[in-house]
Amino acid sequence: MDRWDDAAAATWNRHLSALTSFTAWAGRQEILTASPARRLERRKPARRSDRAIPRARLDKLLYETAARAGELLSLNIEDLDLEFRRGRVTSKGGATEYVHWATGTARLLPRLLRGRTSGPVFLTGRRAPVSGSRAPAEADVCPETGRGRLSYPRAEYLFKQATAAHDPHEKGWTLHQLRHSALQHLAADGRTAPELQAKSRHLHLGNLGRYVQLGEQTSAQVTADADPAARRRTR
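Overview of the structure.

What counts and how
- Along each chain, residue indices are assigned from 1 in the same order as the chain's sequence is written.
- Confidence filtering applies because this is a predicted model: local features only for residues at pLDDT of at least 70, side-chain atom pairs given and counted only at 80 or more, and all residues used for totals across whole chains, interfaces and linings.
- With hydrogens and water set aside, each side-chain value is computed from the structure's full complement of heavy atoms.
- Whether two strands pair comes down to DSSP finding at least two bridges between them.
- Working definition: helices are DSSP H or I runs of at least four residues, strands are E runs of at least two. Numbering for both runs from the N terminus.
- Think of it this way: a Phe, Tyr or Trp ring, Trp meaning its six-membered ring, pairs with another when their centres are within 6.5 Å, and the plane angle makes it stacked under 30 degrees, edge-to-face over 60, tilted otherwise.
- Distance and angle both matter: a charge sits over a ring if NZ of Lys or CZ of Arg is within 6 Å of the ring centre and within 35 degrees of the ring normal.
- For every residue, the accessible area obtained with a 1.4 Å probe (protein chains only) is divided by the maximum for its type, and the residue is called buried under 20%, exposed over 50%, and partly exposed between those limits.
- Whether two residues are in contact is decided by their heavy atoms: any pair within 4.5 Å suffices.
- Every angle, taken between N-to-C directions, lies between 0 and 180 degrees, and every axis is a line fitted to C-alpha atoms, over only the stretch in contact when it is a helix.
- Put simply, angles under 35 degrees are roughly parallel, angles over 145 are roughly antiparallel, angles from 65 to 115 are roughly perpendicular, and the rest are oblique.
- Rotating anticlockwise by less than a right angle from the far helix to the near helix defines a left-handed crossing, while the corresponding clockwise rotation defines a right-handed one.
- Only Asp, Glu, Lys and Arg are considered charged in this grouping, and only Ala, Val, Leu, Ile, Met, Phe, Trp, Tyr, Cys and Pro are considered nonpolar; every other residue, Gly among them, is considered polar.
- Directions are taken from the helix axis to each C-beta atom, and the arc is the one they span.
- Throughout this description, the term salt bridge denotes a Lys or Arg side-chain nitrogen within 4 Å of a carboxyl oxygen of Asp or Glu.

### With respect to the sheet that holds strand E1 (residues 80-81)
Here is step 1 of the chain: Strand order in the open sheet formed by 3 strands is E1-E2-E3, and the pairing between neighbours is antiparallel. Of all strands in the sheet, those with a lone pairing partner are E1 and strand E3 (96-100), marking the two edges.
Here is step 2 of the chain: When E1 meets strand E2 (residues 86-90), the two strands line up antiparallel, connected through 2 bridges. Across the sheet, residue Leu80 finds its bridge partner in E2, namely Gly87.

### Observations concerning the packing of aromatic side chains
The geometry of an aromatic ring pair comes down to the distance between the two centres and the angle between the two planes.
Here is step 1 of the chain: Taken as a whole, this structure holds 0 aromatic pairs when the rule is applied.
Here is step 2 of the chain: Over the face of the ring belonging to Tyr98 we find Arg86, whose NZ or CZ atom lies 4.0 Å from the ring centre.

### A word on the environment of Ala139
Here is step 1 of the chain: Inspection of the secondary structure assignment puts Ala139 in the loop between strand E4 (123-127) and strand E5 (147-149).
Here is step 2 of the chain: Under the relative-accessibility criterion, Ala139 is labelled exposed at 56%.
Here is step 3 of the chain: Along the chain, Ala139 and Pro120 lie 19 residues apart, while their C-alpha atoms are 7.8 Å from each other.
Here is step 4 of the chain: If we ignore the near neighbours within four places in the chain, the residues touching Ala139 are Asn76, Pro120 and Arg149.

### As for the packing of helix H6 (residues 175-188) against helix H7 (residues 193-200)
The relative placement of two packed helices comes down to the angle between their axes together with the axis-to-axis distance.
Here is step 1 of the chain: One can describe the packing of H6 onto H7 by two numbers: an axis separation of 10 Å at closest approach and a directional angle of 155 degrees. By the criterion of interaxial angle, the relationship of H6 to H7 is roughly antiparallel. Crossing angle aside, the handedness with which H6 passes H7 is right-handed. Contacts from Arg179, Leu183, Leu186 and Ala187 of H6 reach H7 at Leu196, Lys199 and Ser200.
Here is step 2 of the chain: Tallied by class, the residues present in the contact of H6 with H7 amount to 4 nonpolar, 1 polar and 2 charged.

### Here we look at the pairing of E3
Here is step 1 of the chain: Only one face of E3 is covered, namely the face carrying Glu97 and Val99; the face carrying Thr96, Tyr98 and His100 is uncovered.
Here is step 2 of the chain: Between the end of E2 and the start of E3, which pair antiparallel, lie 5 residues, with Gly94 showing a positive phi angle near 95 degrees.

### Things to note about H7
An α-helix turns once per 3.6 residues; consequently, residues spaced three or four apart project the same way.
Here is step 1 of the chain: Inspection of H7 places Leu196, Gln197 and Ser200 among the buried residues, and these make up the whole buried set. Buried residues of H7, viewed axially, fall in a sector of 100 degrees; they line one side. Counted as exposed and oriented over 90 degrees from the buried face of H7: Pro194 and Ala198.
Here is step 2 of the chain: Its buried side turned inward, H7 meets H6.

### Section: the pattern of salt bridges
When their charged atoms lie close together, side chains carrying opposite charge are able to pair.
Here is step 1 of the chain: Counted under the stated rule, the structure contains 7 salt bridges.
Here is step 2 of the chain: The salt bridge involving Glu97 is made with Arg201; its shortest N-O contact spans 2.7 Å. Residue Glu97 is located in strand E3, and its partner Arg201 is located in the loop between H7 and helix H8 (215-225); the two are separated by 104 residues in the primary sequence. The same class applies to Glu97 as to Arg201, namely buried.
Here is step 3 of the chain: The network of salt bridges with common partners includes Arg68, Glu71, Glu97 and Arg201.

### Quick look at the packing of helix H5 (residues 152-163) against H6
Here is step 1 of the chain: Where H5 contacts H6, the axes come no closer than 8 Å and their chain directions differ by 75 degrees. By the angle between their directions, the pair H5 and H6 is classed as roughly perpendicular. For the pair H5 and H6, contact is made by Tyr152, Ala155, Glu156 and Phe159 and by Leu175, His176 and Leu178, respectively.

Printed below as a string of structure tokens:
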């Protein structure tokens, strides 16, 4: 599959999930008697063996929380605890949890907020419409600038555009690859499964299996460490 096929599969699955959710609601309201999605199936995007973003590039992206991108995009300024470098998020299961960041993010946040004290942390580049079908909920609008909360699709598009030049495949990386890469690099550093679980906030240790498959970067490092010519150079 090429980049378009991957994107098309992700878009299809996202819309199918929305349709399924609406159908379930409509069924409870007795609006629909049959599901329009009953014959539709999720599509599998191509699986790449090098999902992890190289460590040096990931560090430059300042991705220190290993949180789900959707959780971070839902953050409000009121959820931030700048003193203790943490943010309050709502997990997939509905629990209130905290994500933590390090020095790089702590230095960048004041520049991002620019004195704002309430509303969404991450904003679009323009003011949100105030009426009509495209007007967002009041909670998704910055009360000081009038700009709307940055959506996941828009954030993913901007991220892929910004990282295409750094991706060896020239496709750009996805937001989910950030989380995957952060956890995979922690595993490569020798962090234990319980430590990864604490950082990722997975409910079950078994769900961490894909993150401890260390992949191409570790293979390259093992090869370099075993290189006899390299060993001779270091004597």
